[in-house]
Amino acid sequence: MNFLALIGASDNDILGKLGSDIAKLWRDAAPQYLRGARDTLILAVVATAVGCLIGLFCGILQTLTYSKNDLFIKKAIIWVVKIIVRVYVEVFRGTPMILQAVFIYFGLPYLTANSLRFDVITAAYVVVSINTGAYMAETVRGGILSIDRGQTEGAMAIGMNHFQEMVKVVLPQTLRNIIPQIGNNLIINVKDTSVMFIIGYAELFAAHKAYVGATYLYFPSALVTMVIYLIMTVVCSLLLRLWEHLMDGPENFNLATTDSLALTSGMNNYPRGRRKRRAAR
Amino acid sequence: MSELILNINHLSKSFGKNEVLKDIDFTVSQGEVISIIGASGSGKSTLLRCINLLETPTSGEILYHGVNILDRHVNAPKYRSHVGMVFQSFNLFNNMTVLKNCMIGQTTVLGKNKAEAKENAMRYLENVGMAPYVNAKPKQLSGGQKQRVAIARAMAMDPEILLFDEPTSALDPEMVGEVLQVMKKLVDEGMTMLVVTHEMAFAKEVSSRVVYMNDGVICEEGTPEDIFDNPKREETKNFLARFRNTTQEV
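All names here are of chain A. It is the contact of helix α7 (residues 204-215) with helix α8 (residues 218-248), at a shortest axis distance of 9 Å, that shows an interaxial angle of 165°. With respect to α8, the axis of α7 lies roughly antiparallel. Handedness of the crossing formed by α7 with α8: right-handed. Contacts between α7 and α8 involve L204, F205, H208, Y211 and V212 on the former and, on the latter, Y218, S221, A222, T225, I228, Y229 and M232. Counted by class, the contact of α7 with α8 contains nine nonpolar, three polar and no charged residues.

So this is what it looks like as structure tokens:
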């Protein structure tokens, strides 16, 4: 009996067993898994959105500048605010989210003699949002730094103040550039919210744990859970690509007449994408 | 004598130990077209950037209608909205169309409504021959076209004075002409302009006054005829001689 035959022979049996196990699992517990998937997705999306807002806010604070003409009190406030933001970023980026969840859910009531306590759902949303916010703060800061200085100077030259510059010119471009990072965070959140089982938040991983605790179908359940996670992350990443595409706008524009001053006749058709080039062929 | 817009006294600017501008005295009156020429690193661009407060001068004062804009109580953005600037690298807002680029300052800074801003923007875009491109994004335009939009954007703010920081230096040779043509048009309309440039033929033709800067100081200034045909200072002669040898007559 050779090795290949052994694999081949037992393969059918194993796949058959796996199939029937999964079928049984799905009959028993499909609603629990699906509810878990739904709660995972909602938590990840909401926490990523809130985290983005926190990150945007912190990122802007970190890029505040002052000139030497400004009053001392303004310089001092900016300095203190920047330190607070840095400490927040370092603490929440530098500790595991699972322990942050423990701290918020068990630690706060412990330290405040039960006067400050969150229920499970609130605690989960707070932890994931704050954690994402810390990462996004750095992403936004990097995004702002990556915008060419000329853009801000152009805005300054027509008389915009710092706030207008940010809102009208810098942040829209930053946002476009950090979408891939937002996608990263969303996908990480879809998966990493699984650590919220530690405080008893009923998401997909909790559904898996509950089921295997009752039936010992450990691997089939893990496989099903993995596939559900993969489906969620792939859908998220496709939607983000679509968002990027929408933000880029059309590649071509309509030209009413030709340009009378230029030697060339303009670039009314400016094919860049692969699709366009193929069409031209 | 027409009204004095800018009066610069004892202006100095250092970057660390490097003194880029040394005790500059300089005035700009209504309707003047002043060309600032000089070698790279002579402080021309820094002077222009100081005037627009993109750099903070180390010492001295810049009086705008008699008010020192370096004073802490002066609202710098508000001052800048009266002083247009055209950059070497265009600095159009990449996230906006040509039309939006020319409207955004009017709506956010001057508080005009959209219809009014659009009408005004279209007028200036037509002036620079870019009206057909209102829906284009900056990345879809050539360098010369971008610079013409940048001029329209600055003009749409209705500035009292327009600063040009080497507006044609980043352009391919065949596009220089279209930008200079637009600038000439502005001169004919009586715009007050301060132009840092290496286009000597242009400077000679349109300027009311030419300033030669060397090593952080204003070395010589006068009418185009004074500077180009009868330069007094040795440095000016050398600079212009070098220029004639290295560039073709336009």
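Residue and element names in this part refer to chain B. Strand order in the open sheet formed by six strands is β6-β7-β8-β3-β9-β10, and the pairing between neighbours is mixed. The open sheet has two edge strands, β6 (83-86) and β10 (217-222), and neither has a second partner. Along the sheet, successive strands turn relative to each other by an average axial angle of 20°, direction set aside. Lying over the sheet, helix α6 (residues 173-188) contacts β3 (33-38), β7 (161-165) and β8 (193-196), oriented at roughly 150° with respect to β8.

This part is about the pattern of salt bridges. All names here are of chain B. Applying the stated criterion to the full structure yields 18 salt bridges over all chains. The closest approach of N and O atoms between R148 and E178, which form a salt bridge, is 2.9 Å. Taken together, the residues R148 in helix α5 (residues 143-156) and E178 in helix α6 connect sequence positions 30 residues apart. The same class applies to R148 and to E178, which are both buried.

Here we take up helix α3 (residues 98-108) of chain B. In an α-helix, one full turn covers 3.6 residues, which means residues spaced three or four apart are oriented alike. With nine of 11 residues buried, α3(B) is to be regarded as a mostly interior element. Burial in α3(B) covers these residues: B:V98, B:L99, B:N101, B:C102, B:M103, B:I104, B:G105, B:Q106 and B:T108. Contact partners of the buried residues in α3(B): α6 (162-192) of chain A together with α4 (114-127) and α5 of chain B.

With that settled, consider the sheet that holds strand β4 (residues 59-64) of chain B. Residue and element names in this part refer to chain B. The four strands lie next to each other as β2-β1-β4-β5, forming an open sheet whose pairing is antiparallel. Two strands in the sheet have a free side with no partner beyond their single neighbour: β2 (18-29) and β5 (67-68). Both strand β1 (residues 4-15) and β2 contribute to a ladder of eight bridges, which runs antiparallel. Residue I8 lies in a different strand from β2, and its bridge partner there is F26. Contacts from helix α1 (residues 44-51) reach β1, β2 and β4, with the element oriented near 120° to β1.

What follows concerns a nonpolar patch on the surface. Residues and elements named next belong to chain A. Together, Y66, W79, V80, I83, I84, V87 and V91 line one region of the surface with nonpolar side chains, adding up to about 660 Å² of accessible area. By secondary structure assignment, the location of I83 is in helix α2 (residues 72-94). With a relative accessible area of 38%, I83 lands in the partly exposed category.

A word on the confidence of the model for chain B. Averaged over all residues, the pLDDT of chain B is 91; the fraction at 70 or higher stands at 97%. Scoring the predicted complex yields pTM 0.79 and, for the interface, ipTM 0.88.

What follows is about α6(B). All names here are of chain B. Helix length check: α6 (16 residues) gives 24 Å between terminal C-alpha atoms against 22 Å at 1.5 Å per residue, within 8%. Where α6 is buried, its residues touch β3, α5, β7, β8 and α7 (200-206). Residue G190 follows α6 closely and has a positive phi angle near 90°.

This part covers the packing of aromatic side chains. What the rule picks out here adds up to eight aromatic pairs over all chains. When the centroid spacing of 5.1 Å and the interplanar angle of 75° are considered together, the rings of B:Y64 and B:Y79 count as edge-to-face. On the criterion of sequence distance, the pair formed by B:Y64 in strand β4 and B:Y79 in helix α2 (residues 76-80) is long-range, its members being 15 residues apart. Judged by relative accessible area, which is 3%, B:Y79 ranks as buried. Aromatic side chains B:Y212 and B:F239 sit 5.0 Å apart centroid to centroid with 35° between the ring planes, which places their arrangement in the tilted category. Here B:F239 lies in helix α9 (residues 234-246) and B:Y212 lies in strand β9 (residues 209-214), a separation of 27 residues in the sequence. Summarising the burial analysis for this pair, B:Y212 and B:F239 share the class buried. Cluster of aromatic residues (ring-pair linked, three or more members): A:W26, A:Y33 and A:Y211. Sitting over the ring of B:F93, B:R153 keeps its end group 4.5 Å from the ring centre.

For the rest of this paragraph, the subject is the side chain of B:T236. Mapping B:T236 onto the fold places it in helix α9. Residues within four places of B:T236 in sequence aside, it is in contact with B:Y212, B:C219, B:E220, B:I227 and B:P231.

Turning our eyes to something else, we now look at the side chain of A:N131. Residue and element names in this part refer to chain A. In this structure, N131 sits in helix α4 (residues 120-146). Overall, the relative accessible area of 8% leaves N131 in the buried class. Apart from the residues lying within four places of it in its own chain, the contact partners of N131 are F92, M97 and Q100.

Thresholds, definitions, all that
- Residues numbered from 1 in each chain as written.
- Chains lettered and ligands numbered in written order.
- Predicted model: local features only at pLDDT ≥ 70, side-chain atom pairs only at ≥ 80, totals over all residues.
- Heavy atoms only, no water.
- Axes fitted to C-alpha atoms, helices over the stretch in contact; angles between N-to-C directions.
- Helix = DSSP H or I, 4+ residues; strand = E, 2+ residues; numbered from the N terminus.
- Parallel < 35°, antiparallel > 145°, perpendicular 65-115°, else oblique.
- Left-handed = near helix turned anticlockwise from the far one by under 90°.
- Contact = heavy atoms within 4.5 Å.
- Nonpolar A, V, L, I, M, F, W, Y, C, P; charged D, E, K, R; others polar.
- Pairing = 2+ DSSP bridges.
- Salt bridge = Lys/Arg side-chain N within 4 Å of Asp/Glu carboxyl O.
- Buried < 20%, exposed > 50% of the residue type's maximum accessible area, 1.4 Å probe, protein only.
- Patch = residues over 30% accessible without salt bridge, like charges linked within 9 Å, V, L, I, M, F, W, Y side chains within 5 Å.
- Areas by Shrake-Rupley, 256 points an atom, 1.4 Å probe, with all protein chains shown as cover.
- pLDDT = per-residue confidence, 0-100.
- Expected span 1.5 Å × (residues − 1).
- Phe/Tyr/Trp six-rings, centres within 6.5 Å; stacked < 30°, edge-to-face > 60°.
- Lys NZ or Arg CZ within 6 Å of the ring centre and 35° of its normal.

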